[in-house]
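# Coordinates in review
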Amino acid sequence: CVSLSLSHTHTHTHALSFQLQGCFTGGMFALGASFTDTPVETLQVGKDITQACREMYDRTATKLGPDDVMFNSQKGGDLFSMSSSVYLLRPEVVESYFVLWRVTKDPKYREWGWEAAKAMEKHCRNDGGYTDIQNVNVNPPSPNSGVQQSFFLAETLKYLYLLFSDDDVLPLDKWVFNTEAHPFPVDGAFDRVAGVPFRA
């Protein structure tokens, strides 16, 4: 789910609560931009959200993003504080990197994806696979749960693979991904899938 909320404090500053899961919205705005009356502005919203999500990764000791932050609107202070410092191998940030790469061809999205992949390999890899870390701001990380979430294989690694694949691998004008990263053919893109008429 996406949790966005504004809070006031006695100092009259504003804080925006944001969960790492909400980072898929960068790609969502980028994909939808061409269908709006303001495609340039809508695409920029997607870029800005993805930039903010990348900052959640880049400003930690492990280069992996905390699960929940409070963004600070006060100038001169830290960009965010961590409400939850755990990293759970979530896919949403690299999902938006993948979409923004396909839409803009800006190489920085591949660079950011590679940074994330290296950080996962360094801090999350264990003898049995990959696991969460309990505090992204401790390097080396604090003890983890030893749990590899199923979405890591189904989504996180899939989007990283697609980020570095050619555009003809699941092209975005012919395939749409559901919330679990399962690809479905776009209506009219194919007459039949596995011999069965299909419309997404």
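As a starting point, this report considers the structure included with it. (Residues numbered from 1 in each chain as written. Predicted model: local features only at pLDDT ≥ 70, side-chain atom pairs only at ≥ 80, totals over all residues. Heavy atoms only, no water.)

## Quick look at the overall build of the protein chain
Within the protein chain one finds five helices and 10 strands. Residues counted as buried form 38% of the 200 residues belonging to the protein chain. Taking the intrachain contacts of the protein chain between residues at least 6 apart in sequence as the baseline, contacts between residues at least 24 apart amount to 54%. Total accessible area on the protein chain stands at roughly 10,900 Å², and carbon and sulfur atoms take up 55% of it. (Helix = DSSP H or I, 4+ residues; strand = E, 2+ residues; numbered from the N terminus. Buried < 20%, exposed > 50% of the residue type's maximum accessible area, 1.4 Å probe, protein only. Contact = heavy atoms within 4.5 Å. Areas by Shrake-Rupley, 256 points an atom, 1.4 Å probe, with all protein chains shown as cover.)

## Here's the deal with the packing of helix α2 (residues 39-58) against helix α4 (residues 108-123)
Relative orientation of the contacting elements α2 and α4 amounts to 30°, with a least axis distance of 11 Å. One finds that α2 runs roughly parallel with respect to α4. Classified by chirality, the crossing of α4 by α2 is left-handed. Contacts from K47, T50, Q51, R54 and Y57 in α2 reach K108, Y109, W112, E115 and A116 in α4. When grouped by side-chain class, the residues that make up the contact of α2 with α4 number four nonpolar, two polar and four charged. (Axes fitted to C-alpha atoms, helices over the stretch in contact; angles between N-to-C directions. Parallel < 35°, antiparallel > 145°, perpendicular 65-115°, else oblique. Left-handed = near helix turned anticlockwise from the far one by under 90°. Nonpolar A, V, L, I, M, F, W, Y, C, P; charged D, E, K, R; others polar.)

## Brief notes about the side chain of D132
Take D132: it is sitting in the loop between β6 (129-130) and α5 (150-163). Buried within the structure, D132 lacks any salt-bridge partner; R90 is the closest side chain of opposite charge, at an N-O distance of 10 Å. Reaching out from D132, the side chain makes a polar contact with the side chain of Q134 at a distance of 2.7 Å. A polar contact of 2.3 Å, which involves the side chain of D132, links it to the side chain of S145. (Lys, Arg positive; Asp, Glu negative; His and termini not counted. Salt bridge = Lys/Arg side-chain N within 4 Å of Asp/Glu carboxyl O. Polar contact = N/O pair within 3.5 Å; in protein donor to acceptor, adjacent residues only side chain to side chain.)

## Thoughts on a nonpolar patch on the surface
A surface patch of nonpolar side chains, about 230 Å² in accessible area, is lined by M28, F29 and V45. Inspection of the secondary structure puts V45 in helix α2. (Patch = residues over 30% accessible without salt bridge, like charges linked within 9 Å, V, L, I, M, F, W, Y side chains within 5 Å.)

## Focus on the nonpolar core
Membership of the largest hydrophobic core comes to 39 residues, with the highest contact counts inside it found for M56, L64, Y87 and M120. Every element with two or more residues in this core is listed here: α2, β3 (68-72), α3 (92-104), α4 and α5. No other element matches α3, which puts seven residues into this core. Beyond its immediate stretch of four places on either side in the chain, Y87 contacts L20, Y57, L64, G65, M120, C124, D132, I133 and V136. (Core = buried A, V, L, I, M, F, W, Y, C linked by side-chain atoms within 4.5 Å.)

## Topic: the packing of α4 against α5
Where α4 meets α5, the closest approach of the two axes is 9 Å, and the angle between their N-to-C directions is 140°. By the criterion of interaxial angle, the relationship of α4 to α5 is oblique. Helix-helix and strand crossings are classified by hand; for α4 and α5 the assignment is left-handed. Only F152, T156, L160 and L163 of α5 make contact with α4, whose side of the interface consists of Y109, R110, G113, A117 and M120. Of the residues that constitute the contact of α4 with α5, the class distribution is six nonpolar, two polar and one charged.

These values are about where atoms sit, not about what they do.
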